[in-house]
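The residues making up each chain are set out below.
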Amino acid sequence: MKKKDKSQHIILATRNKNKVVEIKKIIGDLVSFATPDRSLQIDIPECGRSLVENSYAKAIFVYRLHGLPTLADDSGLFVDALEGEPGIYSARYGRNDEERIARLLHNLGDAHDRRAAFRVAFVYCYEYGKYEVFEGECTGEIGHEPKGVSGFGYDPIFIPRGYKKTFAQLGPATKNRISHRARALRKFRKYLLEVAR
Ligand code: IMP
């Protein structure tokens, strides 16, 4: 496979606009991304038992449709005191971000142990049956109430380790440097530069 350059598109198998913005910000200088053809009405159920399984299913499905290198992801927030919940079910924990956050805070209550981690698995399918996995983690803890307006999802309640503010308070520059997504995408960047020549 040839080294990627900005003239070669990678299909980004996600409909989440916030994720697309973050991914482009972190790695958009190296490759250019296209999103899957909207007319194909892609809706891939997340029925795997892990982030990697879900991400793999998305990557293979979209690769088959387009026949172009495809990057898919699946992510979640894993809370220690809730035995890893909501984890792979993070997107299905409520009908919207507000509901999901309220449910998580309710279930955690005033637990002393508020440790948690955001995790992501990217699967890059570059040829039929050929793929690579890039994982990332950002550890931290869950705040007692939502704070901040930046970002998306569970950002208002996640305080990364070493900081006193939530991702939503810290803003995109800091988040895109230390997040689970940033860590995984740095591995993907290295792969594109060094391995995929
Ligand atoms: P999925 O990867 O699209 O299935 O998203 C899983 C869930 O985790 C969704 O509710 C997202 O909003 C949330 N999520 C994923 N990444 C982040 C993040 O970086 N910050 C906050 N929430 C996130």
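Remember, it's a predicted structure, so these values are computed and weren't measured experimentally.

S.K.: Looking at this structure, how should I read the side chain of Thr70?
M.R.: Along the chain, the position of Thr70 falls in strand E3 (residues 70-79). With relative accessibility at 0%, the residue Thr70 sits in the buried group. Polar side-chain contacts of Thr70 include one of 2.8 Å to the backbone oxygen of Leu68. Thr70 has contacts with Ile10, Ile11, Ala13, Ala59, Val62, Tyr63, Val123, Tyr124 and Cys125, leaving out every residue within four places of it along the chain.

S.K.: When you look at the site of the ligand in this model, what are you seeing that I'm missing?
M.R.: The environment of the ligand is made up of 15 residues, and the closest members are Lys19, Ser75, Asp155, Lys175 and Arg181. The backbone of Tyr154 places a nitrogen or oxygen atom 3.0 Å from a nitrogen atom of the ligand. Note that a nitrogen atom of the ligand is positioned 2.7 Å from one of the side-chain N or O atoms of Arg181. For the ligand, whose free accessible area comes to 490 Å², the fraction covered by protein is 93%. If you list the elements that add at least two residues to the shell around the ligand, you get E3 and helix H6 (180-195). Residue composition of the shell around the ligand, by class: 4 nonpolar, 4 polar and 7 charged.

S.K.: Looking at this structure, how should I read the environment of His112?
M.R.: Relative to the helices and strands, His112 resides in the loop between helix H3 (97-108) and strand E4 (115-127). A sequence separation of 23 residues divides His112 from Tyr89, and the C-alpha atoms of the two residues are 23 Å apart.

S.K.: Could you clarify how one ought to interpret helix H1 (residues 17-27) in this entry?
M.R.: Side chains three or four residues apart in an α-helix point the same way, a direct result of the helix having 3.6 residues per turn. Inspection of H1 places Lys19, Val20, Glu22, Ile23, Ile26 and Ile27 among the buried residues, and these make up the whole buried set. An end-on view of H1 places all buried positions within 165° of arc, on one side of the element. Every exposed residue of H1 that faces more than 90 degrees away from the buried side is listed here: Lys17, Val21 and Lys25. Capping the start of H1 is the job of one residue whose side-chain oxygen sits 2.9 Å from the backbone nitrogen of Asn18: Asn16.

S.K.: What is the right way to look at the nonpolar core in this model?
M.R.: The nonpolar side chains of soluble globular proteins are, as a tendency, buried together. Residues Phe33, Leu71, Phe122, Tyr124 and Phe188 are the most contacted members of the largest nonpolar core, which totals 21 residues. Secondary-structure elements contributing two or more residues to this core are strand E1 (9-12), H1, E4 and H6. Element by element, the count of residues in this core is highest for H6, at 6 residues.

S.K.: Looking at this model, I keep getting lost on the sheet that holds E3. Mind explaining?
M.R.: Sheets are built from strands paired through backbone hydrogen bonds, the pairs being either parallel or antiparallel. Taking strand neighbours across the sheet as the criterion, the 6 strands line up as E2-E1-E3-E4-E5-E6 in an open arrangement whose pairing is mixed. Since the sheet does not close on itself, it has two edges, and those belong to strand E2 (32-34) and strand E6 (158-160), each with one partner. Between one strand axis and the next, the sheet turns by 40° as a mean value, whatever way the strands run. Bridging between E1 and E3 involves 2 bridges; their strand directions are parallel. In the strand pairing of E3, Leu12 is matched with Leu71. Strands in contact with H1 are E1, E2, E3 and E4; relative to E2, the strand with the most contacts, it is inclined by about 160°.

What counts, and where the lines are drawn
Residues numbered from 1 in each chain as written. Predicted model: local features only at pLDDT ≥ 70, side-chain atom pairs only at ≥ 80, totals over all residues. Heavy atoms only, no water. Helix = DSSP H or I, 4+ residues; strand = E, 2+ residues; numbered from the N terminus. Buried < 20%, exposed > 50% of the residue type's maximum accessible area, 1.4 Å probe, protein only. Polar contact = N/O pair within 3.5 Å; in protein donor to acceptor, adjacent residues only side chain to side chain. Contact = heavy atoms within 4.5 Å. Near = heavy atom within 4 Å. Areas by Shrake-Rupley, 256 points an atom, 1.4 Å probe, with all protein chains shown as cover. Nonpolar A, V, L, I, M, F, W, Y, C, P; charged D, E, K, R; others polar. Arc of directions from axis to C-beta. Core = buried A, V, L, I, M, F, W, Y, C linked by side-chain atoms within 4.5 Å. Pairing = 2+ DSSP bridges. Axes fitted to C-alpha atoms, helices over the stretch in contact; angles between N-to-C directions.

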